[in-house]
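The residues making up each chain are set out below.
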Amino acid sequence: MKVGDLVRLSSYGKKIKTTTRVVGKDGLGIIISIHHGGDEDTYENTFPYEIKWFNYNKPLNHSRADLKYAK
């Protein structure tokens, strides 16, 4: 995945209740940045994809497992 790709929640991402409450099960978003960090176990390394969801006004961070490409 790269900046500018359209994404949706994967089946794994839809199981996370806090995410689906904000984004919705059929939400569409765009990757606005990808945080590349060192070997540290930080929030940005765990959830490096920053997504701007079209039905939510604030960007959210996600792991790769939470996302899939939008068709």
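None of these values were measured; they are calculated from a predicted model.

Q: I would appreciate a short explanation of the overall build of the protein in the present structure.
A: The helix and strand inventory of the protein stands at three helices and five strands. If you list the helices and strands of the protein from N to C, you get β-α-α-β-α-β-β-β. Per-residue burial over the protein gives 31% buried out of 71 residues. For the protein, long-range pairs separated by at least 24 residues make up 50% of all intrachain contacts whose partners lie at least 6 apart in sequence. When the accessible surface of the protein is totalled, it reaches about 4,700 Å², and 52% of it is carbon and sulfur.

Q: Please clarify how the sheet that holds strand E5 (residues 67–69) should be interpreted in this entry.
A: In sheet architecture, strand pairing relies on hydrogen bonds along the backbone and comes in two forms, parallel and antiparallel. The strand order across the open sheet built from five strands is E4-E3-E2-E1-E5, with neighbouring strands paired in antiparallel fashion. Each having just a single partner strand, strand E4 (60–62) and E5 make up the two edges of the open sheet. Neighbouring strand axes in the sheet, compared pairwise and without regard to direction, differ in orientation by 50 degrees on average. Note: strand E3 (residues 49–53) against E4, three bridges, orientation antiparallel. Looking across to E4, one finds that Ile-51 is bridged to Leu-60.

Q: Just to check I follow, could you spell out the nonpolar core for this structure?
A: If you look at soluble globular proteins, the nonpolar side chains tend to sit buried side by side. Ranked by size, the top nonpolar core spans eight residues in total: Val-7, Leu-9, Val-23, Ile-31, Tyr-49, Ile-51, Trp-53 and Leu-67. Elements represented by at least two residues in this core include exactly strand E1 (6–9) and E3. Beyond its immediate chain neighbours, meaning those up to four positions away, Ile-31 contacts Met-1, Lys-2, Val-3, Gly-4, Asp-5, Val-7, Tyr-49, Glu-50 and Ile-51.

The rules behind each value
Residues numbered from 1 in each chain as written. Predicted model: local features only at pLDDT ≥ 70, side-chain atom pairs only at ≥ 80, totals over all residues. Heavy atoms only, no water. Helix = DSSP H or I, 4+ residues; strand = E, 2+ residues; numbered from the N terminus. Buried < 20%, exposed > 50% of the residue type's maximum accessible area, 1.4 Å probe, protein only. Contact = heavy atoms within 4.5 Å. Areas by Shrake-Rupley, 256 points an atom, 1.4 Å probe, with all protein chains shown as cover. Pairing = 2+ DSSP bridges. Axes fitted to C-alpha atoms, helices over the stretch in contact; angles between N-to-C directions. Core = buried A, V, L, I, M, F, W, Y, C linked by side-chain atoms within 4.5 Å.

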